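Summary of structural features
Below, each chain spelled out in residue letters.
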Amino acid sequence: MNRLLRSINVTELLRPLGHVLAFSCGSAALMSLIAVSLALVLDRTVVGADLLDRYNVTLFTYTMVNLPQVVIDGLTIGFVYAAIALGYTMVYGVLEFINFAHSEIFAVGAFVGVELLIALDATGILAGASLVMAYAYLILAILFGMIAAGALAVTVERVAYRPLRGASRLVPLISAIGVSFLLQDIIRLVESLTTGQFNRIMPTFGNFDGRIIFGKLAMGNSTITLGIAIKSIIVIVAAVVMLVGLNYLVNATRIGKAIRAVAQDRKTASLMGINVNKIISLTFLVGGLLGGAAGVLYALKFTRIDPFVGFFPGLKAFTAAVLGGIGNMTGALLGGLVIGMLETFAGSYMGVFTMGALGSEYKDIFAFSILILVLIFRPQGLMGKHVVQKA
Amino acid sequence: MSLLTLENVHSYYGRIHALKGINVEVAEGEIVTLIGSNGAGKSTALRTISGMMHPKVGRIIYDGKDISKKEPHDIVLSGMVHVPEGRGIFPTLTVKENLEMGAFTVRDSRLIEERMEYGFSLFPRLRERVNQHGGTLSGGEQQMLAIARGLMMEPRLLMLDEPSMGLAPILVELIFDIVKELNERGITILLVEQNALMALSIAHRGYVLQTGEITVGDTAINLRNNTAVQEAYLGIS
């Protein structure tokens, strides 16, 4: 049976989809359960009474009404984190090295994609574009972001990491931090020379800012529209397609096997005729492509980017990679979704649950508390410490 | 005609002078063994030949070409395969995937299939374990896999580093029988062994390495009859 399944490569497409589905539903269900339970408990306290008093709605109703959008937002940012986390985890798997410049690779992807769209917008093409063309332009922007970030990742490895490969482990790490600052400043320099400003706004076009409405609900004196932002769906679909594609590349192709072989034993891999340096470059390329796409998707979702846009997502994606088990690709997906979900739930509900004492700006506490807890209690991460490998 | 020649090869690990000018010759069709105690430089010699490390001084001529500056993935293409010390099995790749890695540079899937079948015919145990992860195999099975994987390149020269290490005597015998069989099928063998008795029983010629230098180089029969070699490496006194 196992043999039969293995010979069919469809398995390698279905399995990551299964992971995506299981992790999405699992983290959504768990966080929803916690939020709803908290709401039910707090409803009996002064928190619930206060909300009822002011808005004529119970905390439970409020929580439930917001839940669909919170879950979707959590998934959206979770998949973005997962796509970035895969870059960290793959490079770690092959080199046992944390590429701290990866957050800037992500930022460069975002900038290239957004600048392309801004340029297109300036010609007026975007405004008049049909829906199909709008999606085509978006895909084009994602591709440009991917290519730029991928090429940059390969270059950074070649210039700043490879010459240091024989050095002690701390040395390339410092180099990575240096590259990270350098790239930030290069983005700043280029942006100020060419546009005179650091903050770039994703142009509005197509139907990305619309919502798919599936109902209206009376809440106290007002009516709440239930719906999902279209761009959230775009981000999720694009990320899932990439994650499945990457999984297929690593698990079902000759090159993927070579990547796994290099991750497990670089010296022996070279004896098999595998050009280890090429595989390492390829790993950076793949990580960069994913990071670049994540950058453009992030810009689509959050609209505004600046040269430091990579810092927090990068740090959180790194946390996600550690949470899942650094080096483990399935772990990066799980970690990304957990962190994304956790922070979105915290950001959406913490304010109400604490009567405004802690606002959504405290949401980052959760991601980094998790990092510390994981490092203390389960340093190998949720999925265990493995090199890049089949789950 | 000599297939492989080492001329005055010096190798270093950092500042440790591991090979101090060794000269080795392997003719086409031979089994040549390098024997010596732990740390004598046997594995270093193989690593230097296969390109995992590069000699500071000296030349390595393989098939008429100087390969001393080439990288391992290039050297493999010329038909020289190095089965490393400790076997180098990829632990979370399956047996089949490990074998496929051995034929990484081969694009013809029919050829890969054929060679895999040949490996299974030599080591039927591997066929039973084909979908198991390499790391779950016993030491003997891993050694079989390492050799079968080496054969996936259809090598002209097969270099084996301590194939008997950690194996039960009956398995050692099996492995050495196979090595002999491979040689009879035309593969030249360079064998590094601590088990000098076994090595000299199948080899045509041998070299004794001692702290990075070759002290004796002779036919296997002469080495077996050499009293100094007997005392130091064969446990005969």
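Note that this is a predicted model, so its numbers are computed, not measured.

Regarding the overall build of chain B
The helix and strand inventory of chain B stands at ten helices and ten strands. A compact globule built from 237 residues should have a C-alpha radius of gyration of about 18 Å, and chain B, at 17 Å, falls within 12% of that. In terms of its C-alpha atoms, chain B occupies a principal-axis envelope of roughly 45 × 40 × 35 Å. Put simply, of all contacts in chain B between residues at least 6 apart along the chain, 67% involve residues at least 24 apart. Surface summary for chain B: the accessible area is close to 10000 Å², and the carbon and sulfur share equals 49%. Here chain B carries 23 positive and 28 negative side-chain charges, and the mean point of each set is 4 Å from the other.

Some points on the environment of V95(B)
Residues and elements named next belong to chain B. Locating V95 in the fold gives a position in helix α3 (residues 95-102). Among the residues examined, V95 registers a relative accessible area of 0% and is labelled buried. Counting along the chain gives 129 residues from V95 to R224, while the straight-line C-alpha distance between them is 38 Å. Residues in contact with V95, not counting those within four places in the same chain, are L126, R129, V130, Q132, G134, L137 and L145.

Topic: the packing of helix α10 (residues 254-264) of chain A against α3(B)
Running from N to C, α10(A) and α3(B) cross one another at 100 degrees; their axes reach a closest spacing of 10 Å. Classified by the angle between their axes, α10(A) and α3(B) sit roughly perpendicular to one another. From α10(A), R254(A), K257(A), A258(A), R260(A) and A261(A) reach across to α3(B), where they touch E97(B), E100(B) and M101(B). Its residues placed into classes, the contact of α10(A) with α3(B) shows three nonpolar, no polar and five charged.

Some points on the domain arrangement of chain B
Residues and elements named next belong to chain B. The domains assigned to chain B are domain 1 (2-79 + 155-234) and domain 2 (88-154). Between domain 1 and domain 2, the C-alpha centre-to-centre distance is 23 Å. The partner domain 2 presents 13 residues to the 17 residues of domain 1 that form the contact. For the domain 1 and domain 2 pair, buried surface summed over both sides reaches about 1200 Å², with 80% attributable to carbon and sulfur atoms. For the pair domain 1 and domain 2, the interface holds one residue pair in polar contact (both at pLDDT 80 or more). When residues of the side of domain 1 that touches domain 2 are assigned to their parent elements, the largest contribution, six residues, is made by helix α7 (residues 169-184).

Some points on helix α1 (residues 42-50) of chain B
Residue and element names in this part refer to chain B. The buried fraction of α1 is high, at eight of nine residues. Taken as a whole, α1 has its buried residues at K42, S43, T44, A45, L46, T48, I49 and S50. Count one or two residues on from α1 and you reach G51, which has phi positive near 90 degrees.

Calculation rules
For every chain, the first residue of its written sequence is number 1, and the numbers climb from 1 along that sequence. For naming, the first written chain is A and the first written ligand is 1, with later ones following in the order written. pLDDT decides what is reported in this predicted model: residues at 70 or higher carry local features, side-chain atom pairs at 80 or more are listed and counted, and totals for whole chains, interfaces and linings draw on all residues regardless. Side-chain descriptors were evaluated using all non-hydrogen atoms of the structure, hydrogens and water having been removed beforehand. Secondary structure is summarised from DSSP: a helix means a run of H or I of at least four residues, a strand means a run of E of at least two, and numbering begins at the N terminus for each. Radius of gyration: C-alpha atoms only; globule rule: 2.2 Å multiplied by the number of residues to the exponent 0.38. Contacts: residue pairs with any heavy atoms within 4.5 Å of one another. For every accessible area listed, the method is Shrake-Rupley and the probe measures 1.4 Å; residues are considered covered only by the protein chains on display. Counted as positive: Lys and Arg. Counted as negative: Asp and Glu, with His and the chain ends omitted from the count. For this purpose, a charge sits on NZ of Lys, CZ of Arg, CG of Asp or CD of Glu. In this scheme, a residue with accessible area under 20% of its type's maximum is buried, one over 50% is exposed, and one in between is partly exposed, where area comes from a 1.4 Å probe on protein chains only. Axis definition: a line fit to C-alpha positions, over the contact stretch in the case of helices; interaxial angles, taken between N-to-C directions, run 0 to 180 degrees. To sort the angles, those under 35 degrees are grouped as roughly parallel, those over 145 as roughly antiparallel, those from 65 to 115 as roughly perpendicular, and the leftovers as oblique. All amino acids are sorted into three groups, where Ala, Val, Leu, Ile, Met, Phe, Trp, Tyr, Cys and Pro are nonpolar, Asp, Glu, Lys and Arg are charged, and the leftover types, Gly among them, are polar. Note that the domain bounds reflect an automated or database-derived domain assignment. What gets called buried area is simply the loss in accessible area from a 1.4 Å probe that two parts show on being joined, summed for both. Polar contacts, as used here, are pairs of N or O atoms within 3.5 Å; protein pairs need one atom able to donate a hydrogen and one able to accept it. Residues neighboring in sequence count only if both atoms are side-chain atoms.

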